[in-house]
Amino acid sequence: MTFRLGLSGLEGVPSAAELARLRAGYLRRHCLRLPGFFAPPLLAFLRREIREKDFRERPRGKTGLESYLASQRVLGLLDFLVNDPALFRVVEGVLGCPRVRIFRSKIYRMVPGHPHHKDWHQDTRPWHQVAMSVNLSPGRFGGGVLQIRDRRSGRMLYEGANTGPGDAVLFPVAPHLEHQVTDVAGRGIRMAYAGWFLERPAFSAMLRRSPSPVRQGGAFRSALRLSDRVKASASAAWRRSGKTTLLFGADRGVITELDGVGGRLWSLLAAGSSLRGVCEALAREYDAPASRLERDVLRVAQGLRGAGLLVKG
Ligand SMILES: [Fe+2]
């Protein structure tokens, strides 16, 4: 697969030929499978951040329980990355659904011996278009098979366990379909980032943007020098949105927006080089006095560091 999701957003845009191949696979299986959709660095972040103690249980049905991740830190970062219009266009094109504007999610797990199974159901709620489940399980697990069937005839349309690290499965939410995930067996835990692509509301209208990071510079921190090396914080994610770059810091849960030059500056800072090296790279691209570039780079870097998006090192 030529596209996947990483901490710097969607990596690679599927070509027309790949979209056609994905659509053919979807029509054949009644679901779309995206092996390795979550890139290894994103999975490593999730492995570090998702902790046993952050799971809670809530009642489901008469006797069932849902075990879900209560921490918003991880969910906020994933939602920031997945709610990307470029991904929405892929989902619309491959699954042939109306306009997608938001992905609503949760992280849940199924533990052997616990009543975490949910019987056949549909998830048909207003604006729900497509369901997606991404495998975040810490290891191998038995059972936990996704089954999709025709509601009226009971004919099984798809059956498969989503077991590869970061693999995604997408399937339509429609009145004529129903699905379930079978009980897990053995010792392994099944964990997934799962939710629905909806027609509305628009995620873009719900973004909580922070004030300019340039003004957030931490007076409480020591000042950066041109000889310092910096890199993106381990809890920072970013993606392009038209001509702007959106940054998300999981520590604070807010989104920062940078314009074209700011976005270019961020890509240099995040890559991990000295601030002097960043200034030299910018001097080759922009016609500006060196003293002004140095002042601006230091100011923005300090602001991004204060916002928890950039770290020394
Ligand atoms: Fe469901």
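Residues numbered from 1 in each chain as written. Predicted model: local features only at pLDDT ≥ 70, side-chain atom pairs only at ≥ 80, totals over all residues.

Looking now at the pairing of strand β10 (residues 145-150). Pairing of β10 with strand β11 (residues 156-161), which is carried by 5 bridges, proceeds in the antiparallel orientation. Each bridged residue has a counterpart across the sheet, and for Gln147 the counterpart in β11 is Glu159. Hairpin connection, β10 to β11: the antiparallel pair is bridged by 5 residues, and Gly154 has positive phi, about 80°. (Pairing = 2+ DSSP bridges. Helix = DSSP H or I, 4+ residues; strand = E, 2+ residues; numbered from the N terminus.)

Another aspect to go through is the nonpolar core. Within the largest apolar cluster, 78 residues are counted, with the highest numbers of intra-cluster contacts made by Leu170, Phe248, Leu269 and Ala301. For this core, the leading source of residues is helix α3 (residues 72-82), giving 7 residues. Leaving out residues up to four positions away in the same chain, Ala301 has contacts with Leu224, Val230, Leu269, Leu275 and Leu310. (Core = buried A, V, L, I, M, F, W, Y, C linked by C-beta atoms within 7 Å. Buried ≥ 20, exposed ≤ 12 C-beta atoms within 10 Å, placed from the backbone. Contact = placed C-beta atoms within 7 Å.)

Here 4 strands make up an open sheet; going across it, the order is β7-β13-β10-β11 and the pairing antiparallel. Each of the sheet's edge strands pairs with one partner strand only, and the pair in question is β7 (118-121) and β11. Across this sheet, the average inter-strand angle for adjacent strands is 10°, counted without regard to direction. Bridge count between β7 and strand β13 (residues 177-181): 2 bridges; the pairing is antiparallel. (Axes fitted to C-alpha atoms, helices over the stretch in contact; angles between N-to-C directions.)

Attention now goes to the environment of Ala70. Structurally, Ala70 is set in the loop between β5 (64-69) and α3. Distance from Ala70 to Arg89, taken between C-alpha atoms, is 30 Å for residues 19 residues apart in sequence. Contact partners of Ala70, with chain neighbours within four places excluded, come to Asp54, Phe55 and Arg56.

What follows concerns unusual backbone geometry. A cis amide bond links Arg200 to the next residue, Pro201, at an omega of 0°. When you line up the elements, Pro201 lands in the loop between β15 (190-198) and β16 (229-232). Positive phi is not limited to glycine here, since Asp123 has a value of about 60°. By the secondary structure assignment, Asp123 is in the loop between β7 and β8 (128-135). By the C-beta count within 10 Å, which is 14 here, Asp123 ends up partly exposed.

What follows concerns the sheet that holds β5. Here 7 strands make up an open sheet; going across it, the order is β3-β12-β8-β15-β6-β5-β4 and the pairing antiparallel. A strand with exactly one partner marks an edge of an open sheet, and here the two such strands are β3 (32-34) and β4 (55-60). Pairs of neighbouring strands in the sheet enclose a mean axial angle of 30°, with direction left out of account. Pairing of β3 with strand β12 (residues 168-172), which is carried by 3 bridges, proceeds in the antiparallel orientation.

A separate point is the environment of Leu282. Inspection of the secondary structure assignment puts Leu282 in helix α6 (residues 275-285). Residue Leu282 is classed as partly exposed on the basis of its 19 C-beta neighbours within 10 Å. In sequence terms Leu282 and Arg264 are 18 residues apart; their C-alpha atoms lie 8.6 Å from each other. Apart from residues no more than four positions distant in its own chain, Leu282 is found in contact with Leu265, Leu293 and Val297.

So, on to the domain arrangement of the chain. Its domain assignment divides the chain into domain 1 (4-205) and domain 2 (207-312). Relative placement of domain 1 and domain 2: their C-alpha centres are 33 Å apart. If you look at the interface, domain 1 gives 13 residues, while domain 2 gives 10 residues. Per element, the largest residue contribution to the side of domain 1 that touches domain 2 is 6 residues, and it comes from α3. (Domains from an automatic or database assignment.)

Where helix α5 (residues 260-270) contacts helix α7 (residues 290-306), the axes come no closer than 11 Å and their chain directions differ by 70°. Relative to α7, the element α5 lies roughly perpendicular. Residue-level contacts link Gly262, Leu265 and Leu269 of α5 to Val297, Val300, Ala301 and Leu304 of α7. Broken down by class, the residue content of the contact of α5 with α7 amounts to 6 nonpolar, 1 polar and no charged. (Parallel < 35°, antiparallel > 145°, perpendicular 65-115°, else oblique. Nonpolar A, V, L, I, M, F, W, Y, C, P; charged D, E, K, R; others polar.)

This part is about the environment of Gly166. Mapping Gly166 onto the fold places it in the loop between β11 and β12. Residue classification places Gly166 among the buried residues on the basis of 20 C-beta atoms within 10 Å. Measuring from C-alpha to C-alpha, the distance between Gly166 and Leu43 comes to 6.8 Å, with 123 residues separating the pair along the chain. Beyond its immediate stretch of four places on either side in the chain, Gly166 contacts Gly36, Phe37, Phe38, Leu43, Val134 and Asn135.

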